[in-house]
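# Overview (structure and organization)
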Amino acid sequence: MDNRHNDRLTIEGGVRAAIPHDSARKHVSGEATYTDDIPVPDGTLYAAIGISTHAHARITSLDLVPVASAPGVVAVLTAADVPGHNDVGPILQDETIFADGVVEYAGQSIFAVAARTIEQARRAARRAIVEYERREPVLTIDAALAAERFVLPSRTIRRGNPQASLAAAPHRLRGTLEMGGQDHFYLEGQVALAIPQEDGDMMIYSSTQHPTDVQRQVGRVLGLRVNAVTVEVRRMGGGFGGKESQAALFASVAALLANVTGRPVSLCLDRDDDMIMTGKRHEFHITYDVGFDDDGLIRGIELVMASRCGMSADLSGPVNDRAMFHADNAYYLENVSITSHRLKTNTVSNTAFRGFGGPQGMMGIEWVIDEIARHLGKDPLEVRKRNLYGDTERNVTPYEMTIEDNILHQLIEDLERSSDYQARRAAIHEFNATSPVLKRGIALTPVKFGISFTATHLNQAGALLHVFTDGSVHLNHAGTEMGQGVMTNVAQIVAEELQLDIDRIKITATNTGKVPNTSASAASATTDMNGAAAADAARTIKRRLIDVAVERFRVEPSQVAFRRNEVVIGDRVMPFEELVSLAHAARVQLSATGFYRTPKIHYDAERLRGRPFYYFAYGAAVSEVVIDTLTGEYMFPRVDILHDAGNPINAAIALGQVEGGFIQGMGWLTTEELYWDEEGRLMTHAPSTYKIPACGDTPPDFRVTLLESGQNREDVVYRSKAVGEPPLMLAISTFHAIKDAVASVGDYRLSPRLSAPATPERVLLAVEELRARLAARLVQLQPIEVH
Amino acid sequence: MAQTVRFILGDEIRELTDIDPTMTVLTYLRTVERRTGTKEGCAEGDCGACTVVLGIPDGDRVRYRAVDSCILFVATLDGKQLITVEDLRDRDGSLHPVQQAMVDCHGSQCGFCTPGFVMSLFALYHCELEPSDRRISDVLAGNLCRCTGYRPIIEAARRMYANGNGDRFTAVESAVIEQLRSIQRADTLTLMHGGRTYYAPVSLSTLASLVERHPDARLLSGGTDLGLLVTKQHEDLDTLIYLGDVRELQTVCADGDQIEIGAAATFTDAFDAVADHYPDFGELLRRFGSVQVRNTGTLAGNIATASPIGDSLPALMALDARLVLRRGGTTREVGLDEFFVGYRRTAMQPGEFIERIRIPIHTRRRFAAYKISKRFDQDIASVCAAYSLALDGSTVRDIRIAYGGMAPTPRRARLCEQALAGCPWNEATVEQASHALDRDFAPITDLRASSAYRSLVARNLLRKFQLETTHGAVETRIVVYAEHCHG
């Protein structure tokens, strides 16, 4: 908490104050307005989308007469009715708004309908008569690899001589780790409201992390210039990457219907349609061939990552690049090759999800390290430490970036001590020796996560600041609020810069008309970049005000100081608003833009080399699990986390990101299982069947600490560190704790075969498989009688 | 004959005459009342973003219960008080203690689930003081949050009692009771709207004649299953008969040898009586859906829908529960294991309905129930098992074994039961008999579990039951283990 409130001169809600989220009071009283809560104009129509029931088929006939004649229907649109480009691909133009002849996944949009009520629209959409000529769908990673179907070319990063190192290594292991995808399950589904304006312009309210993308896409779809479309978002009910590129389709459909009817159109997806129609975290198979010495030090490694991208490229290029960039996680891989296959399947196009490929990349190497440890009969933690990046040597990544800010040695040591890891591990082994049914396991895993968009040009942000003559401030920037607290963080930065209590700073909706050409709120860097841009704008205003004071009162600039809601000018003190009024009277501009671009980064996208990241965020977690070896059920009694959020702008918000990110990651690796039937239809498309963590899954003993000495070595705004994505990967410890508990069934002599998500079913089958292998091994050890 | 739905919204009486009885409360709030604080997250009663609280008269008190407004029909509000998140702030704008605790503990991030959490906590606040962490987690199991990881919300639940649990609702409770009394009905509510008819009788005899007269009518109890037909399947439910207002069916009583549960008693109503006699059945009910679902859903509804994965059914079957079926003026009793005749088909005749459920109270049998699901709380079982064992010394006199999730209906494992009868109750015989389960059942593979897992778990649970009945000291349940961790 902020301890400085007693100080009369300390502002309320400045940097380092752990104040509540700016909308907290509105959240708890139901007053926070989300896109579907905006009062709609009279005559607003409601939309629904008709989707494909086949994963791969040619549409042989599309009869929409029953749809058009359904009660309340005003308009029906198909591919033929798109005035501009029938495409919403964010990077490549390979994804239609309405399928044109061929459908490539079950759930693909074919047509849209607008009706007077949402119920009428949804009922009407179900009346379409679509005939398909089925084509064989390619659904799985293995099938796509066999058929060599890719959405993008494969990439490889290589350093040293992995082949030779593998051949020369004293020990060698090969295997494959499989991990599933994850649905974002933001509580607020995809939603857009399009309101036609004069001149054919379009106003869009969209639940999007990327208003500029929605703006460009709607423009392209309608055949309008970008300046004819304005997109606004005050807040989202969660995003997690799922509203980075995915919001554009729904905003485009609403805009098309609004355009053709001349009436406002609201498109609010039902949960099932949302889960069926929108992309998810990429499913990965990671195959490894690793050579190591008796201490577990990796001598050489070859990693092949195959990911299910779905039917189009979407953001799969940068997602898979990031997976490659995190294939090392915290470990120095001297001789290494990392190959990435981006597979095309007849499933929904996978997209950004918190971590953006990083989690999958890390899972691979953490699994490999664990395998090495179990092969050598060592504590996996020992092998992890053995392979960590060095501080001054062994500190260059496979993509040739020198790590300058590594703090993991100390951080892991601190956590190992504070979590009592060694004593608990011993106690667990003791427990397991005498408990026949329940088994416990423990694992400590680290995280090193690169901060910045890998595409260098996206690392820019803008802000717009107005100061009014009563001393109040209007703040706007490119960041979008999805619950991560960016609006609060940036407002605290502006309050600090101007030395104003935070209640003077008006947070306003993100709007493409105020700050243009923005990047998505993504890559964890939203506060880093927009906070810096807003600080830049505030400093501009401050400079102008200082100039006014200097001129008016004949003082040196150094004699002008801003303190809580006041300005000290020489030996006089005046309220902030008084100086502002003087500036206004002197015809000085009280509005400023601010801009920021991340320094130092550069990156050769062709060679996958350079410094794609400004800095790294670090953390580590110890998870303890208890499993039931008769049913595969489990729970986590205790989790300890030590995470480096730098010197956070708002420690309460940072802590919330760490806790929430961890639990979300735990969901990915445990209960969140996506299940498609053999025809490629998603069967887990609602919370009744897709199980994100519930309240009872939070560890009863959950000790989360932000690194007290945290400081960003780079000049990031107020020396904070990005904290949106990195904590998700702390949950890799939960998966490995389960693996450790399963290993106890074989008295730690064999390594379990487990894949993610480790549902109770997978855990029980891993227990059984281990028992069977153990039995087979015992049989082999018996002398064999020869007849 | 009443033709107006009357309820209290906040503190004002609302009277709705021309309204679609199957309009959901959520739609009503958001579109008619323009109260948009209540959110739609799933429209199937699984995420809790739409949670509101119902005030129900209970003697001199108002009983506050959290429910999912997304699958609750507006007609069923009749005679009740509806409280939404907009009602909680004080007149002067200050936050309710529940809301304040959520703010102080940083319990919201994106905020979309928050109104639902606030309402669940509000109901808890009024029902009990200083609940255990375990209880908090039960109460919140029906509210999903994707941002916070729940820790700060749990903290808020602990902290909201800083000044006890009196609030402005407590202060006006007697006035609200008066108001509620003024809108209670003595006769059937009948609503007709757009070709749709809705009846809410208050007496058993009227109900019986209505069902007989409208054999094709849908019987509406808690609506936690039926509501989805409207929100997900967009079905027209032409004739609906609501059981919830029939007082004779709301009773739960346990006399010497049986527990009798009326068809309109909710899971919440039935919980204590069941849990007192069968703690394991209580544990099963605790994990049945969520508080919101248990506050409207009924045991009779769970039976009548005849789902293969109705989580209460194996336990009822193992306990030899019997159903009283009524048609007009006559009743008959059938055993639950004769009730399910096929996938979602029952032995009920047209015009017949479940009046009550009778669960024998066995004192000399060992009973256990297990529910295996992907997520521990608020999930539907992949396999549900229940066992009721009578021993002669250490020999099995008889054992009743029932499983859900293993066949198109919940079913007894007759071959396995036979294999065990007369055998010594030990590891070896159980191990051997468990293989009879593979002849009893040929489970399917679906999104919840594979056939192989289901079969394996079915066998293992029997082994677990044997272990628990003979080696009490061995720890076999993670949930009990978790309690130890709580200290």
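Residues numbered from 1 in each chain as written. Chains lettered and ligands numbered in written order. Predicted model: local features only at pLDDT ≥ 70, side-chain atom pairs only at ≥ 80, totals over all residues. Heavy atoms only, no water.

## Things to note about the overall build of chain A
The following threshold applies: Numbering of helices and strands starts at the N terminus; helices are DSSP runs of H or I of at least 4 residues and strands are runs of E of at least 2. Using C-alpha atoms as the atom set, the radius of gyration is obtained and then compared with a globule rule of 2.2 Å times the number of residues to the power 0.38. Exposure classes here rest on a 1.4 Å probe applied to the protein chains alone. A residue is buried below 20% of its type maximum, exposed above 50%, and partly exposed in between. Here, residues are in contact when the closest pair of their heavy atoms is within 4.5 Å. His is not counted, nor are the chain ends, whereas Lys and Arg count as positive and Asp and Glu as negative. Charge coordinates come from a single atom per side chain, which is NZ of Lys, CZ of Arg, CG of Asp or CD of Glu.
Helices and strands together make up the secondary structure of chain A, namely 19 helices and 29 strands. For chain A, whose C-alpha radius of gyration is 28 Å, the value lies close to the compact-globule estimate of 28 Å for 787 residues. In terms of overall dimensions, chain A has a C-alpha envelope of 110 × 75 × 45 Å along the principal axes. Burial statistics for chain A: of 787 residues in total, 68% are counted as buried. A separation of at least 24 residues holds for 79% of the contacts in chain A among residues at least 6 apart in sequence. Here chain A holds 79 positive side-chain charges and 99 negative ones, and the gap between their average locations is 2 Å.

## Remarks on the pairing of strand 23 (residues 572–575) of chain A
So the rule is basically this: Note on pairing: two strands pair once DSSP finds at least 2 bridges between them.
The sheet contact formed by strand 22 (residues 566–569) of chain A and strand 23 of chain A spans four bridges and is antiparallel. Bridge pairing in strand 23 of chain A places valine 567 of chain A opposite methionine 574 of chain A.

## Quick word on the sheet that holds strand 8 (residues 171–179) of chain A
Residue and element names in this part refer to chain A. Heads up, the condition is: All axes here are fitted lines through C-alpha atoms, helices being fitted over the stretch that makes contact, and every angle between N-to-C directions spans 0 to 180 degrees.
The five strands lie next to each other as 7-15-14-13-8, forming an open sheet whose pairing is mixed. This sheet does not close on itself; its edge strands, each paired only once, are strand 7 (150–159) and strand 8. Each strand of the sheet is rotated relative to its neighbour by a mean of 10 degrees, with strand direction disregarded. In this structure, strand 14 (residues 298–310) lies alongside strand 15 (residues 336–344), joined through nine bridges in parallel fashion. Opposite glycine 310, over in strand 15, you have lysine 344 as the bridge partner.

## Description of helix 19 (residues 451–470) of chain B
Our working definition: Helix span, as expected, comes to 1.5 Å for every residue beyond the first.
Here helix 19 of chain B spans 29 Å end to end across 20 residues, near enough to the 28 Å set by a 1.5 Å rise per residue. Burial within helix 19 of chain B is extensive, with 16 of its 20 residues counted as buried.

## Regarding the sheet that holds strand 2 (residues 57–63) of chain A
Consider a sheet: its strands pair through backbone hydrogen bonds, and that pairing is either parallel or antiparallel. Residues and elements named next belong to chain A. Strand order in the open sheet made by the three strands is 4-2-6, with antiparallel pairing throughout. Every other strand in the sheet has two partners, leaving strand 4 (102–103) and strand 6 (129–134) as the edge strands with one partner each. Both strand 2 and strand 4 contribute to a ladder of two bridges, which runs antiparallel. What sits directly across from arginine 58, in strand 4, is valine 102.

## Some details on the domain arrangement of chain B
Residue and element names in this part refer to chain B. The condition is simple: All the domain ranges listed were derived from an automatic or database domain assignment. Buried area: the accessible area, evaluated with a 1.4 Å probe, that two parts lose upon being put together, summed over both parts. Salt bridges are defined by distance alone: a side-chain nitrogen of Lys or Arg within 4 Å of a carboxyl oxygen of Asp or Glu. The definition of a polar contact used here is a pair of N or O atoms within 3.5 Å, where within protein one atom must be able to donate a hydrogen and the other to accept one, and adjacent residues in sequence count solely through side-chain atom pairs. The residue classification treats Ala, Val, Leu, Ile, Met, Phe, Trp, Tyr, Cys and Pro as nonpolar and Asp, Glu, Lys and Arg as charged. All others, Gly included, are polar.
Considered domain by domain, chain B is made up of domain 1 (5–86 + 174–242), domain 2 (91–166), domain 3 (249–360) and domain 4 (366–486). A straight line from the C-alpha centre of domain 2 to that of domain 4 covers 37 Å. In this complex, domain 2 contributes six residues to the contact, which on the side of domain 4 involves six residues. For the pair domain 2 and domain 4, the summed buried surface comes to about 460 Å²; carbon and sulfur atoms form 47% of the total. Its largest share of buried area at the contact with domain 4, domain 2 owes to Arg134, Ala141 and Leu144, together 71% of the area lost on that side. Here domain 2 and domain 4 share zero salt bridges between them. The tally of links between domain 2 and domain 4 comes to one residue pair in polar contact (both at pLDDT 80 or more). Taken together, the residues of the side of domain 2 that touches domain 4 sort by class into two nonpolar, two polar and two charged.

## Here's the deal with the packing of aromatic side chains
Residue and element names in this part refer to chain B. To be explicit about the condition: Each Phe, Tyr or Trp ring, with Trp reduced to its six-membered ring, pairs with another whose centre is within 6.5 Å; inter-plane angles below 30 degrees give stacked pairs, above 60 give edge-to-face pairs, and intermediate values give tilted ones.
For the structure on display, the rule yields 28 aromatic pairs over all chains. When the ring of tyrosine 198 is compared with that of tyrosine 242, the centres are 6.3 Å apart and the planes differ by 20 degrees; the resulting orientation is stacked. With tyrosine 198 in strand 7 (residues 196–200) and tyrosine 242 in strand 9 (residues 239–242), the pair connects residues that are 44 residues apart, well separated along the chain. Between tyrosine 278 and phenylalanine 367 the ring centres are 5.2 Å apart and the planes differ by 65 degrees, which places this aromatic pair in the edge-to-face class. Separated by 89 residues along the polypeptide, tyrosine 278 in the loop between helix 10 (267–277) and helix 11 (279–286) and phenylalanine 367 in strand 17 (residues 366–372) bring together distant segments of the chain. An identical accessibility class is assigned to tyrosine 278 and phenylalanine 367; each is buried.

## Regarding the interface of chain A and chain B
The figure often quoted for interface size is the accessible area lost as the parts come together. Facing 88 residues of chain A, the contacting portion of chain B comprises 83 residues. When chain A packs against chain B, close to 6800 Å² is buried across both sides, 58% of that on carbon and sulfur atoms. Note that aspartate 270 of chain A and lysine 232 of chain B form a salt bridge whose closest N and O atoms lie 3.2 Å from each other. At the surface where chain A touches chain B, the tally comes to 37 residue pairs in polar contact (both at pLDDT 80 or more). For the side of chain A that touches chain B, the elements supplying multiple residues, two or more each, are helix 1 (24–29), helix 3 (118–125), helix 8 (271–277), strand 16 (438–451), strand 27 (615–628), strand 28 (634–643), helix 17 (651–669) and helix 19 (760–781) of chain A. Considering each element in turn, the side of chain A that touches chain B owes the most residues, eight residues, to helix 17 of chain A. Across the side of chain A that touches chain B, the residue classes tally to 42 nonpolar, 22 polar and 24 charged.

## Considerations on the environment of phenylalanine 616 of chain A
Residue and element names in this part refer to chain A. Note on placement: phenylalanine 616 falls in strand 27. Overall, phenylalanine 616 belongs to the buried group, its relative accessible area being 1%. For the pair formed by phenylalanine 616 and lysine 721, sequence separation is 105 residues and the distance between their alpha carbons is 8.5 Å.

## Describing the domain arrangement of chain A
Residues and elements named next belong to chain A. The assigned domain composition of chain A is domain 1 (3–32 + 460–597) and domain 2 (402–458 + 600–787). Domain 1 and domain 2 are separated by 39 Å when their C-alpha centres are compared. Facing 27 residues of domain 1, the contacting portion of domain 2 comprises 25 residues. In total, about 1900 Å² of surface goes out of reach between domain 1 and domain 2, with carbon and sulfur atoms giving 54% of it. For domain 1, the biggest contributors to the area lost against domain 2 are Arg16, Ser524 and Asp528; these three give 34% of the whole. In this assembly, domain 1 and domain 2 are joined by zero salt bridges. Viewed at the interface, domain 2 and domain 1 are joined by 13 residue pairs in polar contact (both at pLDDT 80 or more). Here the element with the most residues in the side of domain 1 that touches domain 2 is helix 14 (residues 486–498); it accounts for six residues. Taken together, the residues that form the side of domain 1 that touches domain 2 break down as twelve nonpolar, eleven polar and four charged.

## Here we look at the confidence of the model for chain A
Put simply, the rule reads: The predictor rates its confidence in each residue with pLDDT, a number between 0 and 100.
The pLDDT averaged across chain A works out to 96; a share of 98% of its residues lies at or above 70. Low confidence marks residues 1–5 of chain A, where pLDDT is under 50. Its contacts with residues over four positions away, or in another chain, come to six contacts.

## A few points about the pairing of strand 16 of chain A
A large share of strand 16 of chain A lies buried, amounting to 14 of its 14 residues. Here strand 16 of chain A shows no split at all, with Leu438, Arg440, Ile442, Leu444, Pro446, Lys448 and Gly450 of chain A on one side and Lys439, Gly441, Ala443, Thr445, Val447, Phe449 and Ile451 of chain A on the other all buried.

## Observations regarding the packing of helix 10 (residues 358–376) of chain A against helix 18 (residues 732–745) of chain A
Residues and elements named next belong to chain A. So the rule is basically this: When describing relative orientation, an angle under 35 degrees is termed roughly parallel and one over 145 degrees roughly antiparallel, while 65 to 115 degrees is termed roughly perpendicular and anything else oblique. For any pair of crossing helices, the crossing counts as left-handed if the nearer helix is rotated counterclockwise from the farther one by less than a right angle, and right-handed if it is rotated clockwise.
Interaxial distance between helix 10 and helix 18 falls to 10 Å at its minimum, and their mutual angle equals 30 degrees. Considering their axes alone, helix 10 and helix 18 lie roughly parallel with respect to each other. You can see that helix 10 and helix 18 cross each other, and the crossing is right-handed. Each of Pro359, Met362, Met363, Glu366, Trp367, Asp370, Glu371 and Arg374 in helix 10 lies in contact with helix 18, whose residues at this interface are Ile732, Phe735, His736, Lys739, Asp740 and Ala743. For the contact of helix 10 with helix 18, the class distribution of residues is seven nonpolar, one polar and six charged.

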